[in-house]
Amino acid sequence: GTEIFPFFSFKLYSKIPQNFRHYDVLLNGDVTNPQFLIHNNPNLNKLASQYYPALLASKASEYALKKDSAMVRFDQHGYKGQIVILDGDYIRNYQSGELTITFLTE
């Protein structure tokens, strides 16, 4: 008979990210009831949900170099707002919507 050993790799398990940190656009300027371009936006298709994060990351790195506050404004494809950084814990965010919004200009 062949014995089957349960396989567990801590390396694989530990690669699951528990926290997230990414750029997004705060569309309504309201931090108590925020609406975002990417986060929890059911209207984004797969292509857009891959395009916008890359676009925002490049805009944020441009801002980091030049520190021009006009660069944190976003106005494309009918979406207007300010580029922000979202930080949070995946589980807490899923359960309660808890996350931290950081403005690039801070």
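See the structure shown above.
In this report, the structure presented in the accompanying data block is examined. These numbers were taken from a predicted model, which means no experiment stands behind them.

Some thoughts on the overall build of the protein chain
Item 1. The secondary structure content of the protein chain amounts to three helices and four strands.
Item 2. The buried share of the protein chain, reckoned over its 106 residues, is 30%.
Item 3. Put simply, 54% of the contacts in the protein chain that link residues at least 6 apart link residues at least 24 apart.
Item 4. Accessible area of the protein chain: about 8,000 Å², with a carbon and sulfur share of 54%.

Notes on the packing of aromatic side chains
Item 1. Summed over the entire model, instances satisfying the criterion amount to four aromatic pairs.
Item 2. Linked through ring pairs, Y51, Y52, F74 and Y79 together constitute an aromatic cluster.

Observations concerning the pattern of salt bridges
Item 1. Counting across every chain of the model gives three salt bridges.
Item 2. The shortest N-O distance in the salt bridge between K80 and D75 comes to 3.9 Å. Each member of the pair, K80 together with D75, is exposed.

Remarks on the environment of L55
Item 1. Inspection of the secondary structure assignment puts L55 in helix 2 (residues 46–66).
Item 2. Once the C-alpha coordinates of L55 and Y23 are considered, the two residues, 32 residues apart in sequence, prove to be 9.4 Å apart.
Item 3. Other than its neighbours up to four places away in sequence, L55 contacts F74 and Q76.

Here we look at the nonpolar core
Item 1. Judged by nonpolar contacts, the single largest core of 17 residues is most densely connected at L37, Y52, F74 and L104.
Item 2. The greatest single-element share of this core, amounting to six residues, is contributed by helix 2.
Item 3. When residues no more than four places from it in sequence are discounted, the contact partners of F74 are V25, L37, Y52, L55, L56, K59, Y79, K80, G81 and I83.
Item 4. One finds F20, V84, L86 and I101 within the second-largest nonpolar core, a separate group that totals six residues.

Reading guide: rules and limits
Residues numbered from 1 in each chain as written. Predicted model: local features only at pLDDT ≥ 70, side-chain atom pairs only at ≥ 80, totals over all residues. Heavy atoms only, no water. Helix = DSSP H or I, 4+ residues; strand = E, 2+ residues; numbered from the N terminus. Buried < 20%, exposed > 50% of the residue type's maximum accessible area, 1.4 Å probe, protein only. Contact = heavy atoms within 4.5 Å. Areas by Shrake-Rupley, 256 points an atom, 1.4 Å probe, with all protein chains shown as cover. Phe/Tyr/Trp six-rings, centres within 6.5 Å; stacked < 30°, edge-to-face > 60°. Salt bridge = Lys/Arg side-chain N within 4 Å of Asp/Glu carboxyl O. Core = buried A, V, L, I, M, F, W, Y, C linked by side-chain atoms within 4.5 Å.

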